[in-house]
Amino acid sequence: MQYISSLISGVAIFCVGTGFSFYHGISGLLHETPIEDYTWAYIVLGGSFFFESITLAMAVISIRRSAKETGVSFLKYVQSGQDPCVNVVLFEDTAAVCGAAVAAACIALTAYLQTSMPDAVGSLLVGCMLAAVSTLIIHTSVPALVGRSIKLDQLDKINAELESDSIIKSIHDVKGIDMGSNMIRYKAEIDINGRELSRLYLETKDLNALIVEVQKFNSIDELQEFILHHGENIVDMMGDEIDRLEKKLSSKFPKVRHIDLELE
């Protein structure tokens, strides 16, 4: 939902913000407008610059903290789009602060030169900034919505941890999907080592008692019932082993929140 909201925000900025800025700028270039008192414009721009600077500083501090926790640089964390909400605030407030400064400078030139051309040019510049911001927001939101693979070295570490378990013979069709917000979905088809599973099962039984039980069989039906009973127990144990493997991966790799292990 965070990525969907970010995508909607990016599209809205592009359609509304960029559209109106370009419309005002082009209209100002084509039709000269009368010069008015810009006192309230300076007050509004100054207040906007002040408050947007505060939220921008908070977003920068939050991103720096998160980037340090994940062990990547500030720029790489922003490009990865791990936290879409903070990224939207960062991009929007950066555009707002820069836009307020550009607008104030262009209005000052308009008042000084007594022509509306600088104001029109300023609107076009603000429109370009908003277009760039909306593009960045969309660029960081779309990959998470369609699903993106985790880094190969990270996937190799998870695979190695799974293959190192004695119960696993081999793994196939492995997928590691970055779901955003520091969450990873891991899926793999596993081939269980039947001999190792049977050995683990037999360790839970008294083999001498089993021999005595088998020696008392007088018919095929009794032997069949014995095999069916222990076969069902082995299948139950296999399910327990898969649960153990999933917990093992979750403990070793906290970011892996969704694990899907399928029998081949």
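Every residue gets a number counted from 1 within its own chain, in the order that chain's sequence is written. Totals for whole chains, interfaces and linings use every residue, but because this is a predicted model, local features are given only for residues with pLDDT of at least 70 and side-chain atom pairs only at 80 or more, for both listing and counting. Side-chain calculation: all heavy atoms of the structure are included, whereas hydrogens and water are not.

## A word on helix 1 (residues 2-30)
(1) Moving on: Its 29 residues place the ends of helix 1 41 Å apart at the C-alpha level, agreeing with the 42 Å of an ideal helix rising 1.5 Å per residue.
(2) Moving on: The reported bend at a residue is simply the angle between two axes, fitted to the 7 residues ending at it and to the 7 residues beginning with it. Starting at the N terminus, helices and strands are each numbered in turn, a helix being any DSSP run of H or I of at least four residues and a strand any DSSP run of E of at least two. A maximum bend of about 30 degrees is found in helix 1 at Ile13.
(3) Moving on: Burial status follows relative accessibility: with a 1.4 Å probe on protein chains alone, a residue under 20% of its type maximum counts as buried, one over 50% as exposed, and anything between as partly exposed. Residues of helix 1 that are buried include every one of Tyr3, Ser6, Ser9, Gly10, Ile13, Thr18, Ser21, Gly25 and Gly28, and no others. Here the expected span of a helix is defined as 1.5 Å times the quantity of residues minus one.

## Description of the pattern of salt bridges
(1) Moving on: Every case where a carboxyl oxygen of Asp or Glu lies within 4 Å of a side-chain nitrogen of Lys or Arg is listed as a salt bridge. Applying the stated criterion across every chain, the model contains nine salt bridges.
(2) Moving on: A salt bridge links Glu161 to Lys248; its shortest N-O distance comes to 3.8 Å. Within this pair, whereas Glu161 is found in helix 6 (residues 152-163), its partner Lys248 is found in helix 9 (residues 220-252), the two being separated by 87 residues in sequence.
(3) Moving on: A salt bridge links Arg199 to Glu203; its shortest N-O distance comes to 2.2 Å.
(4) Moving on: One connected set of salt bridges, linked through shared partners, spans Glu161, Asp165, Glu241, Arg244 and Lys248.

## Details of the nonpolar core
(1) Moving on: Residues enter a nonpolar core if they are buried and are Ala, Val, Leu, Ile, Met, Phe, Trp, Tyr or Cys, with the set joined through side-chain atoms within 4.5 Å. Counting residues in each nonpolar core, the largest one holds 24 residues, and the members touching the most others are Leu162, Ile168, Tyr186, Ile190 and Leu261.
(2) Moving on: Elements with a contribution of two residues or more to this core: helix 6, strand 2 (168-180), strand 3 (183-192), helix 7 (194-202), helix 9 and strand 4 (256-263).

## Quick word on the environment of Ile4
(1) Moving on: Inspection of the secondary structure puts Ile4 in helix 1.
(2) Moving on: A sequence separation of 134 residues divides Ile4 from Ile138, and the C-alpha atoms of the two residues are 9.8 Å apart.

## Examining the packing of aromatic side chains
(1) Moving on: Working definition: rings of Phe, Tyr and Trp (its six-membered ring) pair if their centres are within 6.5 Å, and the pair is stacked with planes under 30 degrees apart, edge-to-face with planes over 60 apart, and tilted otherwise. Inspection of every chain in the model, using the stated rule, returns two aromatic pairs.
(2) Moving on: On the basis of an interplanar angle of 75 degrees and a centroid distance of 5.2 Å, the ring pair of Phe50 and Phe51 is categorised as edge-to-face.
(3) Moving on: Judged by centre distance (5.5 Å) and plane angle (65 degrees), the ring pair of Phe217 and Phe226 falls under edge-to-face.
(4) Moving on: Residue Phe226 is classed as buried on the basis of its relative accessible area, which comes to 16%.

Worth remembering: the numbers are spatial, not functional.
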